[in-house]
Amino acid sequence: MNVTREELRGGFRGLGLGSGDHVIVHSSLSSLGWVDGGAESVVDALRDAVDDGTVMMPTFTRYDRAYDPETSPSTVGAITEAFRNRSTAVRSAHPTKSVAAISPDAASLVADHDLRNSIGPGSPIHRLVDDRNGKILLLGVDHTTNSALHVAERLADLPYRDQIAETTIRRSDESIETVEVNQVHCSRGFGVAESIAKRVGLVTYGRVGDATAQLVDGSALLSLIVELLEEHPGLLLCDEPDCDRCAYGRRRIDARETGSNRSR
């Protein structure tokens, strides 16, 4: 049975999205079942649900390709690619962790996306979730896609968020510039955030098409996770034996704690 734009809008409204809301969406088109109109209908239904509010989506790109905000395809799903191609969407200038937004003030929301602040304090995702009391919609995906948790890592001043990588930007004159960006960390351990959000009543579950969806109070979750990370800095690290990034994270945490103990 096909899922229509109207049914999607009803699902979003049933979750608690309303007119004037600000929401960042992480999504999987295939999880919804067969959607009449495909990804474009999902974008339309989201815009219908929030009306004059804000829809933001990640439009992340590859490190090994020169970034052009007009042409570089999003690597995080068909819905995000359809979204960033809308004439009303404004995309940020970050060469690996760009976001796109549609709202009356989208340009100011995504402006000044600093190279060394991919997903951190003052980044577009932080502005939406914290400054505008934004919501987080996980549409057929789980918290391993929840980019706001990377903001929490930076707000908690975790020592492992210090890694830098090189990438390239295509300038308006077609020249290619090599730049350094702050790397985000592994997200495979982010699933712990769901049980935390559920326990304190920050998440609403529902069905949209065939997908399980979660609508999360973004600002409250961010504050809670920062508080927990300050006490338990390894909270979001995964336990996968092949994860070099989380092994690095544990070494950096241990080194900081060892240094702190020596200074006492």
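Residues numbered from 1 in each chain as written. Predicted model: local features only at pLDDT ≥ 70, side-chain atom pairs only at ≥ 80, totals over all residues. Heavy atoms only, no water.

Participant: Teacher, can you tell me more about the overall build of the chain here?
Facilitator: The helix and strand tally for the chain stands at 9 helices and 9 strands. Burial status across the chain gives 50% buried among its 264 residues. By sequence separation, contacts in the chain at least 24 residues apart represent 67% of the contacts at least 6 residues apart. When the accessible surface of the chain is summed, it comes to about 11800 Å², and 45% of that surface belongs to carbon and sulfur atoms. Distance from the positive charge centre (29 side chains) to the negative charge centre (39 side chains) of the chain: 3 Å. (Helix = DSSP H or I, 4+ residues; strand = E, 2+ residues; numbered from the N terminus. Buried < 20%, exposed > 50% of the residue type's maximum accessible area, 1.4 Å probe, protein only. Contact = heavy atoms within 4.5 Å. Areas by Shrake-Rupley, 256 points an atom, 1.4 Å probe, with all protein chains shown as cover. Lys, Arg positive; Asp, Glu negative; His and termini not counted. Charge placed at Lys NZ, Arg CZ, Asp CG, Glu CD.)

Participant: I would appreciate a short explanation of the pattern of salt bridges in the present structure.
Facilitator: Where charged atoms of side chains with opposite charge meet at close range, the side chains can pair. In the structure shown here, the tally under the stated rule is 16 salt bridges. With a closest N to O distance of 2.9 Å, Arg-86 and Glu-40 form a salt bridge. Linking Arg-86 in the loop between helix H3 (78-84) and strand S3 (90-91) with Glu-40 in helix H2 (residues 38-50), this pair joins segments that are 46 residues apart in sequence. Classification of Arg-86 as partly exposed rests on a relative accessible area of 21%. Under the relative-accessibility criterion, Glu-40 is labelled partly exposed at 37%. (Salt bridge = Lys/Arg side-chain N within 4 Å of Asp/Glu carboxyl O.)

Participant: Mind showing me how you'd approach the side chain of Arg-161 here?
Facilitator: Residue position: Arg-161 is located in the loop between helix H6 (148-155) and strand S6 (164-170). With relative accessibility at 6%, the residue Arg-161 sits in the buried group. For Arg-161, the side chain forms a polar contact with the main-chain oxygen of His-150, separated by 2.8 Å. (Polar contact = N/O pair within 3.5 Å; in protein donor to acceptor, adjacent residues only side chain to side chain.)

Participant: Can you help me understand the packing of helix H7 (residues 192-199) against helix H8 (residues 218-231) in this one?
Facilitator: How two helices sit against one another is set out by the angle between their axes and by the gap between those axes. Close contact between H7 and H8 brings their axes to 11 Å; oriented N to C, the two are set at 115 degrees. Judged by the sense of rotation from one axis to the other, the crossing of H7 with H8 is right-handed. From H7, Ala-193, Ile-196 and Ala-197 reach across to H8, where they touch Leu-221, Leu-224, Ile-225 and Leu-228. Along the lines of polarity and charge, the residues of the contact of H7 with H8 split into 7 nonpolar, no polar and no charged. (Axes fitted to C-alpha atoms, helices over the stretch in contact; angles between N-to-C directions. Left-handed = near helix turned anticlockwise from the far one by under 90°. Nonpolar A, V, L, I, M, F, W, Y, C, P; charged D, E, K, R; others polar.)

Participant: Any chance you could explain the packing of aromatic side chains here in plain terms?
Facilitator: When we look at a pair of aromatic rings, we describe it by the centre distance and by the angle of the planes. In this structure the tally under the stated criterion is 0 aromatic pairs. Above the face of the Phe-60 ring, Lys-97 is positioned so that its terminal group lies 5.0 Å from the ring centre. (Phe/Tyr/Trp six-rings, centres within 6.5 Å; stacked < 30°, edge-to-face > 60°. Lys NZ or Arg CZ within 6 Å of the ring centre and 35° of its normal.)

Participant: Could you clarify how one ought to interpret the side chain of Ser-98 in this entry?
Facilitator: By the secondary structure assignment, Ser-98 is in the loop between S3 and strand S4 (99-102). Residue classification places Ser-98 among the buried positions, given a relative accessible area of 0%. Within polar-contact distance, the side chain of Ser-98 engages the side chain of Thr-59 at 2.7 Å. Of note is the side chain of Ser-98, whose polar atom sits 3.2 Å from the side chain of Arg-91. Residues within four places of Ser-98 in sequence aside, it is in contact with Pro-58, Thr-59, Phe-60, Tyr-67, Arg-91, Ser-92 and His-113.

Participant: Quick question: what am I supposed to make of the environment of Lys-97 here?
Facilitator: By secondary structure assignment, the location of Lys-97 is in the loop between S3 and S4. With relative accessibility at 10%, the residue Lys-97 sits in the buried group. For the pair Lys-97 and Val-141, spaced 44 residues apart in the sequence, the C-alpha separation amounts to 19 Å. Apart from residues no more than four positions distant in its own chain, Lys-97 is found in contact with Phe-60, Tyr-63, His-113, Ser-118, Ile-119 and Val-184.

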